[in-house]
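Fold and contact review
Next come the chains, spelled out residue by residue.
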Amino acid sequence: MESQEQVQCIICSQLKRDGIHICTSFICTDCESELVRTDVLDDKYSFFIKQMRQIVLKKNA
Ligand SMILES: [Zn+2]
């Protein structure tokens, strides 16, 4: 079960095998679960949104 390639997470920049792909970008399971838990008022949420925007910008480029 080592055929899966590691992908760089856009949130934590770590190379992970498990996670979700959004467009051409990747979010690892750790960050995904954190994203779900993150409160809208949390500073981290703004960071996530910023990272998400980069995906959209890349997609439209
Ligand atoms: Zn991550």
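Residues numbered from 1 in each chain as written. Predicted model: local features only at pLDDT ≥ 70, side-chain atom pairs only at ≥ 80, totals over all residues. Heavy atoms only, no water.

As named in an unreviewed UniProt entry, the chain is Inhibitor of sigma-G Gin, taken from Xylanibacillus composti.

Things to note about the overall build of the chain
Helix and strand counts for the chain stand at two helices and four strands. Going from N to C terminus, the chain has its helices and strands arranged as β-β-β-β-α-α. Long-range pairs, those at least 24 residues apart, make up 19% of the contacts in the chain between residues at least 6 apart in sequence. Per element, the accessible surface of the chain, about 4,900 Å² overall, is 51% carbon and sulfur. (Helix = DSSP H or I, 4+ residues; strand = E, 2+ residues; numbered from the N terminus. Contact = heavy atoms within 4.5 Å. Areas by Shrake-Rupley, 256 points an atom, 1.4 Å probe, with all protein chains shown as cover.)

Overview of the coordination of the zinc ion
Only Cys 9 (SG), Cys 12 (SG), Cys 28 (SG) and Cys 31 (SG) from the protein reach the zinc ion as donors, at distances of 2.2 to 2.3 Å. In this structure, the zinc ion is coordinated by four donor atoms arranged in tetrahedral fashion, with angles at the metal of 103 to 118°. If you list the donors of the zinc ion from N- to C-terminus, the spacing comes out as C-x2-C-x15-C-x2-C. Of this pair, Cys 9 sits in the loop between strand 1 (7-8) and strand 2 (15-16) while Cys 28 sits in strand 4 (residues 25-28); the two residues are 19 residues apart in sequence, bridging distant segments of the chain. (Donors = N, O, S within 2.8 Å, 3.2 Å for Na, K, Ca; no water. Tetrahedral: all angles 85-135°; square planar, octahedral: opposite > 155°, others 65-115°.)

Here we look at the pattern of salt bridges
Within the structure shown, the criterion is met by one salt bridge. Residues Lys 16 and Asp 30 are paired through a salt bridge, measuring 3.1 Å at the closest nitrogen-oxygen approach. On the criterion of sequence distance, the pair formed by Lys 16 in strand 2 and Asp 30 in helix 1 (residues 29-37) is long-range, its members being 14 residues apart. (Salt bridge = Lys/Arg side-chain N within 4 Å of Asp/Glu carboxyl O.)

A few points about the nonpolar core
Cys 9, Ile 10, Ile 11, Phe 26, Ile 27, Cys 28, Cys 31, Phe 48 and Ile 55 together form the largest nonpolar core, which totals nine residues. When residues of this core are traced back to their parent elements, those giving at least two are strand 4 and helix 2 (43-60). Here this core takes three residues from strand 4, the largest share from any one element. The residues touching Cys 28, leaving out its near neighbours within four places in the chain, are Cys 9, Cys 12, Lys 16, Asp 18 and Gly 19. (Core = buried A, V, L, I, M, F, W, Y, C linked by side-chain atoms within 4.5 Å. Buried < 20%, exposed > 50% of the residue type's maximum accessible area, 1.4 Å probe, protein only.)

Structural notes on the pairing of strand 4
Side chains Ser 25 and Ile 27 of strand 4 all project onto a buried face; the interleaved residues Phe 26 and Cys 28 project onto the opposite face, where all are buried too. Across four bridges, strand 3 (residues 19-22) lies against strand 4 in antiparallel orientation. Bridge pairing links His 21 to Phe 26 in strand 4. Hairpin geometry of strand 3 and strand 4 is characterised by an intervening segment of two residues between the two adjacent antiparallel strands and by a positive phi of about 55° at Cys 23. (Pairing = 2+ DSSP bridges.)

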